[in-house]
Amino acid sequence: MSPELKMYQPSTQSDACTYMWACAICDENETCQKDKEGHSRWLVAKRMERIDYKILVMSNKGGVGKSTVSTNLAVSLALKGYEVGICDMDIHGPNIPKMVGAEGQRLKISTGGGIIPHQAYNMKIASMSFLLQNSDDPIIWRDAYKFEFINQLLGGVEWQDLNFLIVDLPPGTGNESVTTIDLIGEVTGCVIVSTPQEVALLDARKSVTFARDSELPIIGIVENMSGLDCPHCHEHIEVFRMGGGEASAHDMQVPFLGRIPLDPEVVRQSDYGEPYALFHSDLPTADAYHNIANQVDDFCKKKGSLVQIATKSPFKKK
Ligand code: ADP
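Scoring rules and cut-offs
- Residues numbered from 1 in each chain as written.
- Predicted model: local features only at pLDDT ≥ 70, side-chain atom pairs only at ≥ 80, totals over all residues.
- Heavy atoms only, no water.
- Helix = DSSP H or I, 4+ residues; strand = E, 2+ residues; numbered from the N terminus.
- Contact = heavy atoms within 4.5 Å.
- Areas by Shrake-Rupley, 256 points an atom, 1.4 Å probe, with all protein chains shown as cover.
- Phe/Tyr/Trp six-rings, centres within 6.5 Å; stacked < 30°, edge-to-face > 60°.
- Buried < 20%, exposed > 50% of the residue type's maximum accessible area, 1.4 Å probe, protein only.
- Expected span 1.5 Å × (residues − 1).
- Near = heavy atom within 4 Å.
- Polar contact = N/O pair within 3.5 Å; in protein donor to acceptor, adjacent residues only side chain to side chain.
- Nonpolar A, V, L, I, M, F, W, Y, C, P; charged D, E, K, R; others polar.
- pLDDT = per-residue confidence, 0-100.
- Lys, Arg positive; Asp, Glu negative; His and termini not counted.
- Salt bridge = Lys/Arg side-chain N within 4 Å of Asp/Glu carboxyl O.
- Pairing = 2+ DSSP bridges.
- Axes fitted to C-alpha atoms, helices over the stretch in contact; angles between N-to-C directions.

Section: the overall build of the protein chain
- Scanning the protein chain from N- to C-terminus turns up 12 helices and 12 strands.
- For the protein chain, restricting intrachain contacts to residue pairs at least 6 apart in sequence, the fraction spanning at least 24 positions comes to 76%.
- Of the accessible surface of the protein chain, which amounts to about 14,300 Å², a share of 49% is contributed by carbon and sulfur atoms.

Side note on the packing of aromatic side chains
- Taken as a whole, this structure holds three aromatic pairs when the rule is applied.
- Measuring from ring centre to ring centre gives 5.7 Å for tyrosine 53 and phenylalanine 164, while their planes differ by 40 degrees; the resulting arrangement is tilted. Residue tyrosine 53 is found in strand E1 (residues 51-58), and its partner phenylalanine 164 is found in strand E7 (residues 162-168); the two are separated by 111 residues along the sequence.
- On the basis of an interplanar angle of 70 degrees and a centroid distance of 5.2 Å, the ring pair of tyrosine 82 and phenylalanine 164 is categorised as edge-to-face. Of this pair, tyrosine 82 sits in the loop between helix H4 (66-79) and strand E2 (84-88) while phenylalanine 164 is found in strand E7, placing the two residues 82 residues apart along the sequence. We note that tyrosine 82, like phenylalanine 164, is buried.
- Grouping aromatic residues by their ring pairs yields a cluster made of Tyr53, Tyr82 and Phe164.

Digging into helix H3 (residues 36-48)
- Under the 1.5 Å per step criterion, the end-to-end length of H3 is 18 Å for 13 residues, consistent within 8% with the ideal 18 Å.
- Residues His39, Ser40, Leu43, Val44, Arg47 and Met48 constitute the buried set of H3.

A word on the site of the ligand
- Inspection of the region around the ligand gives 18 residues, with Gly63, Lys66, Ser67, Thr68 and Pro261 positioned closest.
- Within the backbone of lysine 66, an N or O atom sits 2.9 Å from an oxygen atom of the ligand.
- Within the contact set of the ligand, a nitrogen atom lies 3.0 Å away from a side-chain nitrogen or oxygen of asparagine 224.
- The fraction of the free accessible surface of the ligand (560 Å²) that becomes covered by protein chains is 84%.
- Taken together, the residues that form the shell around the ligand break down as eight nonpolar, eight polar and two charged.

Comments concerning the confidence of the model for the protein chain
- In the predicted model, the protein chain carries a mean pLDDT of 81, and 78% of its residues have values of at least 70.
- Of the regions scoring below 50 in pLDDT, residues 1-20 engages in 36 contacts with residues more than four places distant in sequence or in other chains.

Brief notes about the side chain of aspartate 88
- With respect to the secondary-structure elements, aspartate 88 resides in strand E2.
- Among buried Asp, Glu, Lys and Arg side chains, aspartate 88 stands out as unpaired, with lysine 66 the closest opposite charge at 6.6 Å.
- Separated by 3.2 Å, the side chain of aspartate 88 and the backbone nitrogen of aspartate 90 make a polar contact.
- Setting aside anything within four residues of it in sequence, one finds aspartate 88 in contact with Pro94, Asn95, Ile96, Pro97, Ala126, Ser127, Met128, Leu153 and Asp168.

Considerations on the pattern of salt bridges
- Inspection of the entire model under this criterion finds 11 salt bridges.
- Here aspartate 297 ties to lysine 80 by a salt bridge, and the two come within 3.3 Å at their closest N and O atoms. In this pair, aspartate 297 is assigned in helix H12 (residues 284-303) and lysine 80 in the loop between H4 and E2, connecting sequence segments 217 residues apart.
- We classify aspartate 297 as buried; its relative accessible area is 1%.
- In this structure, arginine 259 engages glutamate 246 in a salt bridge whose closest nitrogen and oxygen atoms are separated by 2.7 Å. With a gap of 13 residues between them, arginine 259 in strand E12 (residues 256-260) and glutamate 246 in helix H9 (residues 244-252) connect regions that are remote in the sequence.
- For glutamate 246, a relative accessible area of 35% gives the class partly exposed.
- One salt-bridge network, in which partners are shared between bridges, spans Lys66, Asp90 and Asp168.

Some words on the environment of methionine 252
- Among the secondary structure elements, methionine 252 is positioned in helix H9.
- Assessed through its relative accessible area of 13%, methionine 252 is described here as buried.
- In this structure methionine 252 touches Arg205, Val208, Thr209 and Arg212, once residues within four positions along its chain are discounted.

Comments concerning the sheet that holds E2
- In spatial order, the strands read E5-E6-E2-E7-E1-E8-E9-E12; together these eight strands make up an open sheet with mixed pairing. The open sheet has two edge strands, strand E5 (118-120) and E12, and neither has a second partner. Between one strand and the next, the sheet's axes are offset by a mean angle of 25 degrees, whatever the strand orientation.
- As defined by bridge partners, E2 adjoins strand E6 (residues 123-127) across five bridges and the pair is classed as parallel. Each bridged residue has a counterpart across the sheet, and for cysteine 87 the counterpart in E6 is alanine 126.

Here is the structure:
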């Protein structure tokens, strides 16, 4: 059986561990037989303790640019010289690999038994997409499988020492988000992404309430797709209106992290697998991403002393 299949193969024996390849690195092999859930949690905790900051990127609504913000936030932090990982927790719409040019890649298993994350642009990446035989395949899983998958992405993957793990949550406040938050334990903060129109803002407000109810520190709201400067006539068009994200942030008394314009180049670069903030690092839209990354960085620095691991990032700004 291939390792990928083993990953989400349900155990045939009720008392056997389904994370078989992880047993090689597990000090608790014996106790795991008695307490599988406790063992999985131990493995996640072991991985997470080597990561300085765990940042969730969330939105209650799909299609508002959450994965794009996650990718460009991660790239901007990597540009600052940090070691960064992206955990694509969007089981049903795993788009991060496409956005970093890693579509069709498969995760490999290390000799130690863990899952080796894919490397792209000096970042470590793990996603459901790496497990699909065919990118057109839909994922139709019951909650128990999803739970195991989330466990694997957090605990099975060898994230090793990271400054930041950017977790791209699926839209909504459902089981996947709750399980992820529960397993990570100490989430450093969350970034809420919204577009400026009323229907999206209603959802963003739900995300704020969800974060508060889950006792997640809120880093702030990002207003994405905020105004388009027409590349042809240069007229400024408020396609999804403007300013709603900032007004909501003010109303809900959470920080506003800034606006990212609706920029056709962002779509093009994402589709090419070349993160915009890296390939157009000096353009205004990239500045918006860098500005958000700086605020995330500042937020984290205030939370604790961040040890910068990577000082030799190949694309570090001079
Ligand atoms: P989500 O993760 O919220 O479902 P995505 O990040 O997948 O959303 O983005 C949805 C689509 O919108 C993608 O095609 C992406 O390229 C595009 N997009 C995201 N942000 C912007 C932006 N600022 N300008 C233009 N297109 C964007």
